[in-house]
Amino acid sequence: MKKLGKLYEGKAKVLYETDDPNLLVQYFKDDATAFNAGKKGVIGDKGVVNNKVSERIFKYLSENGVKSHFVERLDDREMLVKRLEIIQVEVIVRNVAAGSIARRMGVEEGTELKDTIVEFCYKSDELGDPFINEYVIRAFGLASDDEVRVMTETALKVNELLTRFFDERGIVLVDFKLEFGRHNGEVLLGDEITPDGCRLWEKGTLEKLDKDRFRRDLGKIEEAYAEVLRKVME
Ligand code: 5GP
């Protein structure tokens, strides 16, 4: 496999073409953004940590029947992935109220939920990823009903698997964001699963081990990411 030119550069990752039209190289940067890129910074070695955390989690999910774009990790910052036609919908799963839902519902962060929440957002940087629902997805043709069903069922299965995975490692999986894409007629999990897009709280102390440390200037960001990598490799 030969790495070719840049296909797309996002806030935290770069995608490169390869000599196989079905495969891309996903490169993880140290750049961090928050509040729709209103805040920018660098988290030392974040790219290396996120590449390895994603590899571990995609492999664990695959062993448990959840298919993703992950093929193999190539080096510290790169993984080989299947080329996806990205579905412009972010799927968010929540086990505990935090972040935007705590603000929206006027409850304290950490408030217990009576049931798991699945939410959809329109993936649009210009619009700040607005909240949408199945009717909006259907009306704007963002995904078929079948794809919405697959994304919802997969997100709930990922939640079940990862809640247990993190719990066994002393971490509460508070919430997370998933992205999906189409590959040869199949809907696959894409993007990354890392502390950039998950809220991870240390069991007991509820100390934040995720990007909220950067968003909220809590300090010890690199240490938190390194701790997550250490724990997921256990
Ligand atoms: P909230 O809606 O509370 O801001 O985010 C819910 C969860 O989804 C959090 O774990 C957050 O990290 C993740 N999330 C939501 N939108 C984005 C996004 O655009 N980028 C990243 N990296 N994570 C997101």
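Reference entry: report on the structure contained in this document. (Residues numbered from 1 in each chain as written. Predicted model: local features only at pLDDT ≥ 70, side-chain atom pairs only at ≥ 80, totals over all residues. Heavy atoms only, no water.)

1. Some details on the sheet that holds strand S1 (residues 3-9)
So, point 1. In spatial order, the strands read S1-S2-S3-S7-S6; together these 5 strands make up an open sheet with antiparallel pairing. Bordering the open sheet on either side are S1 and strand S6 (70-73), each of which pairs with just one other strand. Averaged over all pairs of adjacent strands, the angle between strand axes in this sheet comes to 30°, irrespective of strand direction.
So, point 2. Of the strand pairs in this sheet, strand S3 (residues 23-28) and strand S7 (residues 78-82) are connected by 5 bridges, and their pairing is antiparallel. Pairing of tyrosine 27 across the sheet is with glutamate 78, part of S7.
So, point 3. Along the sheet face, helix H1 (residues 46-63) touches S3, S6 and S7 and points at about 130° away from the line of S6. (Pairing = 2+ DSSP bridges. Helix = DSSP H or I, 4+ residues; strand = E, 2+ residues; numbered from the N terminus. Axes fitted to C-alpha atoms, helices over the stretch in contact; angles between N-to-C directions. Contact = heavy atoms within 4.5 Å.)

2. Points about the packing of aromatic side chains
So, point 1. Counted by the stated rule, this structure contains 3 aromatic pairs.
So, point 2. Residues phenylalanine 58 and phenylalanine 70 carry aromatic rings whose centres are separated by 6.2 Å and whose planes lie at 25° to one another, so their mutual orientation is stacked. Of this pair, phenylalanine 58 sits in helix H1 while phenylalanine 70 sits in strand S6, and the two are 12 residues apart along the sequence.
So, point 3. The class of phenylalanine 58 is buried, set by a relative accessible area of 1%.
So, point 4. Aromatic pair phenylalanine 165 and phenylalanine 166: ring centres 5.5 Å apart, planes at 90°, arrangement edge-to-face. The pair phenylalanine 165 / phenylalanine 166 is uniform in exposure class, with both members buried.
So, point 5. Chaining the aromatic ring pairs together yields one cluster made of Tyr60, Phe165 and Phe166.
So, point 6. Here arginine 138 stacks its cationic end above the ring of tyrosine 135, 5.4 Å away from the centre of that ring.
So, point 7. Its end group placed over the ring of phenylalanine 165, arginine 169 keeps NZ or CZ at 3.8 Å from the ring centre. (Phe/Tyr/Trp six-rings, centres within 6.5 Å; stacked < 30°, edge-to-face > 60°. Buried < 20%, exposed > 50% of the residue type's maximum accessible area, 1.4 Å probe, protein only. Lys NZ or Arg CZ within 6 Å of the ring centre and 35° of its normal.)

3. What to know about the packing of H1 against helix H4 (residues 145-167)
So, point 1. For the pair H1 and H4, the least separation of the axes is 11 Å and the interaxial angle reads 120°. By the angle between their directions, the pair H1 and H4 is classed as oblique. Viewed along their axes, H1 and H4 form a crossing whose handedness is right-handed. Residue-level contacts link Arg56, Ile57, Tyr60 and Leu61 of H1 to Val158, Leu161, Leu162, Arg164, Phe165 and Phe166 of H4. (Parallel < 35°, antiparallel > 145°, perpendicular 65-115°, else oblique. Left-handed = near helix turned anticlockwise from the far one by under 90°.)

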